[in-house]
Amino acid sequence: MAGGKAMTSSRSHDAFEALYRTEYARVLRFFRKRVGADDASDLAQEVFLKLFTSDVAGQIEHPRAYCIRSARNLLADRARRKTPVHIATCPIDEGLDAPTPPEQAWRIEERDVRRVYRRTLLALPRRTRRIFLMHRLKRMTYAEISEQVGIGYKSVNYHMMRALARCRKERIFQ
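Below is a summary of the structure that appears in this document. What you see is a predicted model, and the numbers here were worked out from it, not measured in a lab.

## Considering the pattern of salt bridges
For step 1, the next point in the chain: If you walk through the whole model with that rule in mind, you get six salt bridges.
For step 2, the next point in the chain: Between Arg-21 and Glu-17 there is a salt bridge, and its shortest N-O distance comes to 3.9 Å. Highlighted residues: Arg-21 and Glu-17, both in helix α1 (residues 2–35), separated by four residues, approximately one helical turn.
For step 3, the next point in the chain: The exposure class of Arg-21 is exposed, given its relative accessible area of 61%.
For step 4, the next point in the chain: The shortest N-O distance in the salt bridge between Lys-50 and Glu-46 comes to 3.9 Å. Residue Lys-50 and its partner Glu-46 are located together in helix α2 (residues 37–54), separated by four residues, close to a single helical turn.
For step 5, the next point in the chain: Taking relative accessible area as the criterion, Lys-50 reaches 43% and is therefore assigned partly exposed.
For step 6, the next point in the chain: Through salt bridges with shared partners, a single ionic network connects Glu-46, Lys-50 and Arg-78.

As structure tokens, then:
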């Protein structure tokens, strides 16, 4: 029994090494085109680390496609998690690009946050949106909202929690 497991582990390790030798350069080029040379090798290593720990290298029918799909999935996961990955679609010439004043960058960021905030609020049910805006913009208390809308205090609390959960999901409030 133990010999069979060692044999399988050895075969799996050999399969991984062969996969690494044939596909690493391609995965590295894939990342260099999309994120630049600085982060490419770390991301390529992460792809192969996941392959190694999953122990599927010997079972892959189309290694080239599998590795590139794994690389794309890694980029998509990072974008979803909004981790700081510097993705560039074209090289930036630092000498030609003038630095942006911080105020301009803040205005751009503020505009983006407002757009996400507006889209999130418009996606809320009408009553939830109304209650949320009454509390956040008009600074009304839950008791005042309860009286004006004609619902119970607990219902106001429910609608606020619903709105806040949606905002957190969209990463408006951290």
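## Things to note about the packing of aromatic side chains
Here the distance between the centres and the angle between the planes together describe a pair of aromatic rings.
For step 1, the next point in the chain: All told, the structure shown has nine aromatic pairs when counted by the stated rule.
For step 2, the next point in the chain: Here Tyr-20 and Phe-48 contribute two aromatic rings whose centre-to-centre distance is 5.1 Å and whose plane-to-plane angle is 75°, an arrangement assigned as edge-to-face. With Tyr-20 in helix α1 and Phe-48 in helix α2, this residue pair connects regions lying 28 residues apart in the sequence.
For step 3, the next point in the chain: Overall, Tyr-20 belongs to the partly exposed group, its relative accessible area being 27%.
For step 4, the next point in the chain: Its relative accessible area of 1% is what places Phe-48 among the buried residues.

## What about the packing of helix α6 (residues 142–149) against helix α7 (residues 153–169)?
For step 1, the next point in the chain: Where α6 contacts α7, the axes come no closer than 9 Å and their chain directions differ by 110°. Between α6 and α7, the crossing angle belongs to the class labelled roughly perpendicular. Mapping the contact onto sequence places Tyr-142, Ala-143, Ile-145 and Ser-146 in α6 and Tyr-153, Val-156, Asn-157, Met-160 and Met-161 in α7.
For step 2, the next point in the chain: Partitioning the contact of α6 with α7 into residue classes produces seven nonpolar, two polar and no charged.

## Digging into the nonpolar core
For step 1, the next point in the chain: Formed by 21 residues in total, the largest nonpolar core has its most connected members in Leu-19, Val-27, Phe-31, Val-47, Phe-48 and Leu-51.
For step 2, the next point in the chain: When residues of this core are traced back to their parent elements, those giving at least two are α1, α2 and α3 (63–81).
For step 3, the next point in the chain: For Leu-51, the contacting residues outside a window of four places in its chain are Phe-16, Leu-19, Val-56, Ile-60, Tyr-66 and Cys-67.
For step 4, the next point in the chain: Listed in part, the 15 residues of the second largest apolar core include Ile-131, Val-149, Val-156 and Ala-163.

## Some remarks on the environment of Val-56
For step 1, the next point in the chain: In this structure, Val-56 sits in the loop between α2 and α3.
For step 2, the next point in the chain: Taking the C-alpha atoms as reference points, Val-56 and His-13, 43 residues apart in sequence, are found 9.9 Å from one another.

Conventions used here
Residues numbered from 1 in each chain as written. Predicted model: local features only at pLDDT ≥ 70, side-chain atom pairs only at ≥ 80, totals over all residues. Heavy atoms only, no water. Salt bridge = Lys/Arg side-chain N within 4 Å of Asp/Glu carboxyl O. Helix = DSSP H or I, 4+ residues; strand = E, 2+ residues; numbered from the N terminus. Buried < 20%, exposed > 50% of the residue type's maximum accessible area, 1.4 Å probe, protein only. Phe/Tyr/Trp six-rings, centres within 6.5 Å; stacked < 30°, edge-to-face > 60°. Axes fitted to C-alpha atoms, helices over the stretch in contact; angles between N-to-C directions. Parallel < 35°, antiparallel > 145°, perpendicular 65-115°, else oblique. Contact = heavy atoms within 4.5 Å. Nonpolar A, V, L, I, M, F, W, Y, C, P; charged D, E, K, R; others polar. Core = buried A, V, L, I, M, F, W, Y, C linked by side-chain atoms within 4.5 Å.

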